[in-house]
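Results of the structural survey
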Amino acid sequence: MIDGVLFDLDGTLIDTATAERARWLAVRDLIGERLPQVDLDEFERRYRAHTRANRATAVDTGTISYIEYQRDRLRSVLSPWTEPSIQLIEEYAETSNRLMALVRPLPGARALLDDLRARGRAIAVLTNGPSEHQRMKLEASGLADAIDAVAISAELGIAKPDAAAFRQAAAMIGLTVERVAMIGDTPATDIAGAIASGVSVTIWLRRRDEPPPDGAQMVTSLDEVRQALALDRH
């Protein structure tokens, strides 16, 4: 029987994917309008490759601020064509951040959080990312008041899948990892990290067609979490 639950944020409690699609279309349109010489397909390829290669080490552990990362990314991605002006960088950052503030909770998120708290379980969010950006999304989703603690990698100085991140998140709600469950959608960070840290129950929220990771229960929606946690047996 667990006394608390750790939740990943993006793709687990909030619909980041929809907001990301809207953000990307707006950024692409902005670059196409301001810099017509840019090959937008190549721009997208370079943009996504830069994000994959640099995001985890640079931003998630707080090495640089998110705005610094955004500036560096745009300069690097546009380097084959031009050096972006300060005005364009600021416009790009404002467009990107404004659209991510439209993020909404995933179906069942609020009801699950309220039910867990009503049953006496403490709740923490454990998320990789920059501090202000992650807190902005959590507030925008309307879920912040249903959560007891927020553990953000840039504030911790460590990121999932580091086992210490899970231990610190559990400690923020007054528990050890042996007394909490972890729920997340990314096998490499949420699930592998939770299992390695010794979390009591690990639940994978399957979002894509991929094999389930070893050692975790699988659900396909937040509505299935109560059964996975066996809450109705107590």
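Scroll up for the structure.
Computed from a predicted structure; not experimentally measured. (Residues numbered from 1 in each chain as written. Predicted model: local features only at pLDDT ≥ 70, side-chain atom pairs only at ≥ 80, totals over all residues. Heavy atoms only, no water.)

Attention now moves to the pairing of strand 4 (residues 180–184). Judged by how many residues are buried, strand 4 sits mostly within the fold: five of five residues are covered. Covered by surrounding structure in strand 4 are Val180, Met182 and Gly184 together with Ala181 and Ile183, the residues of both alternating faces. Taken together, the four bridges between strand 1 (residues 4–7) and strand 4 define a ladder with parallel strand orientation. In the sheet register, phenylalanine 7 faces strand 4, and the bridge partner there is isoleucine 183. Pairing between strand 4 and strand 5 (residues 201–205): four bridges, direction parallel. Across the sheet, residue alanine 181 finds its bridge partner in strand 5, namely valine 201. Regarding the hand of the β-α-β motif, the stretch spanning strand 4, helix 9 (residues 187–197) and strand 5 is right-handed. (Buried < 20%, exposed > 50% of the residue type's maximum accessible area, 1.4 Å probe, protein only. Helix = DSSP H or I, 4+ residues; strand = E, 2+ residues; numbered from the N terminus. Pairing = 2+ DSSP bridges. Right-handed = clockwise from strand over helix to strand, strands pointing away.)

Another aspect to go through is the packing of helix 1 (residues 16–34) against helix 2 (residues 40–58). Two packed helices can be described by the angle between their axes and the distance between those axes. One can describe the packing of helix 1 onto helix 2 by two numbers: an axis separation of 11 Å at closest approach and a directional angle of 130°. In terms of axis orientation, helix 1 runs oblique to helix 2. In this structure, helix 1 crosses over helix 2, and the sense of that crossing is right-handed. Two secondary-structure elements touch here, helix 1 through Trp24, Val27, Arg28, Ile31 and Gly32 and helix 2 through Leu40, Asp41, Phe43, Glu44, Tyr47 and Arg48. Looking at the contact of helix 1 with helix 2, its residues break down into six nonpolar, one polar and four charged. (Axes fitted to C-alpha atoms, helices over the stretch in contact; angles between N-to-C directions. Parallel < 35°, antiparallel > 145°, perpendicular 65-115°, else oblique. Left-handed = near helix turned anticlockwise from the far one by under 90°. Contact = heavy atoms within 4.5 Å. Nonpolar A, V, L, I, M, F, W, Y, C, P; charged D, E, K, R; others polar.)

With that settled, consider the sheet that holds strand 1. Taken together, the six strands give an open sheet; going across it, the order is 3-2-1-4-5-6, and neighbouring strands pair in parallel fashion. Where the open sheet ends on each side, the last strands, each with one partner, are strand 3 (149–152) and strand 6 (217–219). Ignoring strand direction, the axes of neighbouring strands in this sheet form an average angle of 20°. Contacting strand 4 and strand 5, helix 9 runs over the sheet at an angle of about 170° to strand 5.

Applying the stated rule across the entire model yields 19 salt bridges. Salt-bridge contacts for aspartate 145 lead to arginine 110; the nearest nitrogen and oxygen are separated by 2.7 Å. A residue pair is termed long-range when its members are at least 10 positions apart, and aspartate 145 in the loop between helix 6 (131–141) and strand 3 and arginine 110 in helix 5 (residues 109–118) qualify at 35 residues. We note a salt bridge from arginine 119 to aspartate 115, for which the minimum N-O separation is 3.1 Å. Three or more residues are tied together by salt bridges with common partners; here these are Arg28, Asp41, Glu44 and Arg48. (Salt bridge = Lys/Arg side-chain N within 4 Å of Asp/Glu carboxyl O.)

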